[in-house]
Amino acid sequence: MKIVMLDKKTLGDDCDLSELQKMGDFIAYDETDKNHTIERIKDADAVFTNKVVIGKDEIDNASNLKYIGIMATGTNNIDLEYAGKRGITVTNVKGYSTKIVAQHTFALLFSVMEQIAHYDKFIKSGEYSGQSLFTNIDRPFMEISGKTWGVIGLGAIGKEVAGIAKAFGCNVIYYSTSGKNNCKDYRRVDFETFLKEADIISVHAPLTDATRGLIDENAFDKMKPTAYFINVGRGPIVKEEALKIALDEDKIAGAGIDVFDVEPLAVTSPLMNIKNKDKIVMTPHIAWGSVEARKRLIDMMIDNFRRFRGL
């Protein structure tokens, strides 16, 4: 069986694929652009992809293709309907990153809220060594205990974040983007109430018709000027121009962003031109990617393939 992996680099340079290598004639490409996908999978029996698109054209030109293993949870890069018509099995992996995405949510919040980079730079610059006081609080910061934490998307990750926030002493509320989620552990509120009450807002929702552009200029206008906004869900849920305006005009206190409208982040993105860059902390879609989470992903991915093979 010929097995092709199209974007190995997304798993990290330290990934161990030895078990997969034992299961067939295996070739892995660090990256694959759309102009090379057809050529690389044309003889493949099984293909593994994280974000490389496999649509009708790619499937039609891969006559041996029997299996597509998605190295992620999202399936929007695969034409699932057409793959089904062709009898191709498609699998994905779920739940591998819940703990680290929740952890990263708080890492983003604390980084921007407590201005960690500013104070670190203050010490490393030598300014701290040259002053007379033992401390420096030129940028005040707040406690999260007693604050209202608002969760958008109370799935597995949202619930993990809610539990940690509660442990920190937060009052947790949530907004259901589908209107169907009812959780007795936390108070569900309508969107306007959610925006007005929350001191901290974190996004953990999938990208759907209901969530695309949900956080726009109107939404930021309704938030507290002291609010912090964190997005580890999907980039297009937030209007980036609206976020820039909210930060530039002090409509909110700060933001932590791990996902973007276009990835990699376009140099023309409004987020690259925020006036006070200390008000935002950005990471390159890494919330999912701890060493442990990536190992779980690979183990689950290989287990899916074993089951397909009947091994």
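Quick caveat: nothing in here was measured; it's all calculated off a predicted structure.

Describing the pairing of strand E9 (residues 200-203)
And then number 1: Of the two faces of E9, the one carrying Ile200 and Ser202 and the one carrying Ile201 and Val203 are both buried.
And then number 2: Note: strand E6 (residues 148-152) against E9, four bridges, orientation parallel. Residue Trp149 lies in a different strand from E9, and its bridge partner there is Ile200.
And then number 3: Bridge analysis of E9 against strand E10 (residues 228-231) gives four bridges, and the strand direction is parallel. Paired with Ile200 across the bridge in E10 is Tyr228.
And then number 4: As for the winding sense of the linkage, the β-α-β connection from E9 through helix H9 (residues 217-222) to E10 is right-handed.

A short note on the pattern of salt bridges
And then number 1: Counted under the stated rule, the structure contains 23 salt bridges.
And then number 2: Glu192 is the salt-bridge partner of Lys196, the closest N and O atoms lying 3.0 Å from each other. Of the two residues, Lys196 and Glu192 both sit in helix H8 (residues 191-197), four residues apart, roughly one turn of that helix.
And then number 3: Classification of Lys196 as partly exposed rests on a relative accessible area of 45%.
And then number 4: You can call Glu192 partly exposed: its relative accessible area is 37%.
And then number 5: Between Lys295 and Asp299 there is a salt bridge whose closest N-O contact spans 2.9 Å. Here Lys295 and its partner Asp299 are both found in helix H11 (residues 291-309), four residues apart, which amounts to about one turn of the helix.
And then number 6: According to the relative accessible area criterion, Lys295 is exposed, its value standing at 52%.

Observations concerning the packing of aromatic side chains
And then number 1: All chains considered together, the criterion is met by 14 aromatic pairs.
And then number 2: Taking the centre distance of 5.3 Å and the plane angle of 85° together, the rings of Phe48 and Phe305 count as edge-to-face. Within this pair, whereas Phe48 is found in strand E3 (residues 46-49), its partner Phe305 is found in helix H11, the two being separated by 257 residues in sequence.
And then number 3: Using a relative accessible area of 0% as the deciding quantity, one classes Phe48 as buried.
And then number 4: On the numbers, 5.6 Å between centres and 65° between planes, the contact of Phe110 with Phe168 is edge-to-face. Residue Phe110 is located in helix H5 (residues 98-113), and its partner Phe168 is located in the loop between helix H7 (156-167) and strand E7 (171-175); the two are separated by 58 residues in the primary sequence.

Overview of H7
And then number 1: Taking 1.5 Å per residue, twelve residues should reach 16 Å; H7 reaches 17 Å between its end C-alpha atoms and fits that length.
And then number 2: Among the residues of H7, those classed as buried are Gly158, Val161, Ala162 and Ala165. Viewed along the axis of H7, the buried residues span an arc of 100°, placing them on a single side of the element. Facing away from the buried surface of H7 by more than 90 degrees, the exposed residues are Ala156 and Ala167.
And then number 3: Those residues of H7 that are buried lie in contact with H5, E6, E7 and E9.

Basis of the calculations
Residues numbered from 1 in each chain as written. Predicted model: local features only at pLDDT ≥ 70, side-chain atom pairs only at ≥ 80, totals over all residues. Heavy atoms only, no water. Buried < 20%, exposed > 50% of the residue type's maximum accessible area, 1.4 Å probe, protein only. Helix = DSSP H or I, 4+ residues; strand = E, 2+ residues; numbered from the N terminus. Pairing = 2+ DSSP bridges. Right-handed = clockwise from strand over helix to strand, strands pointing away. Salt bridge = Lys/Arg side-chain N within 4 Å of Asp/Glu carboxyl O. Phe/Tyr/Trp six-rings, centres within 6.5 Å; stacked < 30°, edge-to-face > 60°. Expected span 1.5 Å × (residues − 1). Arc of directions from axis to C-beta. Contact = heavy atoms within 4.5 Å.

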